[in-house]
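Take a look at the letters that make up each chain.
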Amino acid sequence: MVCGGFVCSKNALCALNILYVMVSLLMIGIAAWGKWFGLVSSFQVVGGVIGVGIFLFLVAVVGLIGALKHHQVLLFFYMIILFMVFVVQFSVSCACLALNSEQQNHLLEVGWNTSDTTQRDVENSLDCCGFSSVNYNKTCSAPCFHNLSCKSCASKIQEHTGEVLRFVGGIGLFFSFSEILGVWLTYRYRNQKDPRANPSAFL
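Keep in mind the model is a prediction, meaning the values are calculated, not measured.

Conventions we followed
Residue positions are given per chain, counted from 1 along the sequence in the order it is written. Side-chain atom pairs in this predicted model are given and counted only at pLDDT of 80 or more, local residue features only at pLDDT of at least 70, and totals for whole chains, interfaces and linings cover all residues. Side-chain numbers come from the whole structure's heavy atoms, not from hydrogens or water. The set of buried Ala, Val, Leu, Ile, Met, Phe, Trp, Tyr and Cys residues whose side-chain atoms join them within 4.5 Å is what this entry labels a nonpolar core. Burial classification: accessible surface area is computed with a 1.4 Å probe over protein chains only, and a residue below 20% of its type maximum counts as buried, one above 50% as exposed, and the rest as partly exposed. What counts as a helix is a DSSP run of H or I of at least four residues, what counts as a strand is a run of E of at least two, and both are numbered from the N terminus. Contacts are residue-level and defined by heavy atoms, with any inter-residue pair within 4.5 Å sufficient. pLDDT gives the predictor's per-residue confidence on a scale running from 0 to 100. Orientation is described by lines fitted to C-alpha atoms, with helices fitted over the stretch in contact, and by angles between N-to-C directions that extend from 0 to 180 degrees. In this scheme, roughly parallel covers angles under 35 degrees and roughly antiparallel covers those over 145, while 65 to 115 is roughly perpendicular and the rest are oblique. When residues are grouped by polarity, Ala, Val, Leu, Ile, Met, Phe, Trp, Tyr, Cys and Pro land in nonpolar, Asp, Glu, Lys and Arg in charged, and all others, Gly among them, in polar. Definition of a polar contact: a pair of N or O atoms within 3.5 Å, with one able to donate and the other able to accept a hydrogen when the atoms are protein atoms, and with sequence-neighbouring residues admitted only if both atoms are side-chain atoms. In a helix, the anticipated span is given by 1.5 Å times the number of residues less one. Throughout, bend refers to the angle between the axes fitted to the seven residues that end at a position and the seven residues that start at it. Each helix crossing is assigned a hand: it is left-handed if the near helix lies turned anticlockwise from the far helix by less than a right angle, otherwise right-handed if that turn is clockwise.

Draft legend 1. Looking closely at the nonpolar core. In this structure, Leu13, Tyr20, Ala67, Tyr78, Leu82 and Tyr189 are the most contacted members of the largest nonpolar core, which totals 17 residues. Looking at this core, the elements that each hand over two or more residues are helix H1 (6–36), helix H2 (43–69), helix H3 (72–98) and helix H7 (153–190). Residues in contact with Ala67, not counting those within four places in the same chain, are Lys10, Leu13, Cys14, Leu75 and Tyr189. Counting 7 residues, the second-largest nonpolar core is a separate cluster that includes Val122, Cys128, Cys153 and Ile157.

Draft legend 2. Representation of the side chain of Thr186 in the model. As for its position among the elements, Thr186 is in helix H7. Given the relative accessible area of 0%, Thr186 is considered buried. In contact with Thr186, other than residues within four places in its own chain, are Leu13, Leu75, Tyr78 and Met79.

Draft legend 3. Inspection of the confidence of the model for the chain at higher detail. With 87% of its residues at a pLDDT of 70 or more, the chain has an overall mean of 80. For the chain, the element scoring lowest by mean pLDDT is helix H5 (residues 116–126), at 78; H3 scores highest, at 89.

Draft legend 4. Summary view of the packing of H5 against H7. Interhelical geometry of H5 versus H7 gives an angle of 75 degrees and a closest axis separation of 11 Å. Judged by the angle between their axes, H5 and H7 are roughly perpendicular. Contacts between H5 and H7 involve Val122, Glu123 and Leu126 from the former and Cys153, Lys156 and Ile157 from the latter. Looking at side-chain class alone, the contact of H5 with H7 contains 4 nonpolar, no polar and 2 charged residues.

Draft legend 5. Structural context of the environment of Leu16. In this structure, Leu16 sits in helix H1. Accessibility expressed as a relative area gives 10% for Leu16, which makes it buried. Each C-alpha atom, one on Leu16 and one on Ser178, is 8.1 Å from the other, the two residues being 162 residues apart in sequence.

Draft legend 6. A look at the side chain of Ser24. When you line up the elements, Ser24 lands in helix H1. Owing to a relative accessible area of 0%, Ser24 belongs among the buried residues under this scheme. Here Val21 takes part through its backbone oxygen, which lies 2.7 Å from a polar atom of the side chain of Ser24. Filtering out sequence-adjacent residues up to four positions away, Ser24 remains in contact with Gly53, Leu56 and Phe57.

Draft legend 7. Region of the structure containing H7. Here H7 is 38 residues long and its end C-alpha atoms lie 52 Å apart, about the 56 Å a rise of 1.5 Å per residue gives. In the structure, H7 departs most strongly from a straight axis at His160, where the bend amounts to approximately 40 degrees.

Draft legend 8. Spotlight on the packing of H3 against H7. Look at H3 against H7: their axes get within 8 Å of each other, and the N-to-C directions meet at 155 degrees. Between H3 and H7, the angle is such that the two are roughly antiparallel. In this structure, H3 crosses over H7, and the sense of that crossing is left-handed. Split into classes, the residues belonging to the contact of H3 with H7 amount to 21 nonpolar, 9 polar and 3 charged.

This is the structure:
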């Protein structure tokens, strides 16, 4: 049975936005949990994840209210924002899947040089020092530094970079297609007549 009726479209759109609300709360909770327990000390990373979670939460709430009330203006802006998010997320996901090892290494080095806090987090969690080489004349917070047995962090990070990028790219593609589904459902739902509404009312 094809989901073509007013009630079916409404329920599908509500379910999709409830899923987005749950994902956004999960993102905010994980970021706050990581910061609280000291797993991530970089405020930029935590703030970025929480910011994305709040943005997704607000968009989902707008879509949920628009779907429940069949509000034309809210549904229109929700459809436009969701399409813009789809374009950005689809592009980033494809880029994650298309990066070769040299490009991955360049991006890692750029990220490494951006934040000293991130460097300390990586060194402590992976027990390594420096990005491409270990310099024992500098300070390092990793436990291996005291034993003079450290490896460079690049070698350890690159062991899992490809897998992580493929995982992130796959998840991003999955959610990007769910977003284009949301755009299609919203467009269809906006142009459907509520059977319980006044037939002469503006749709």
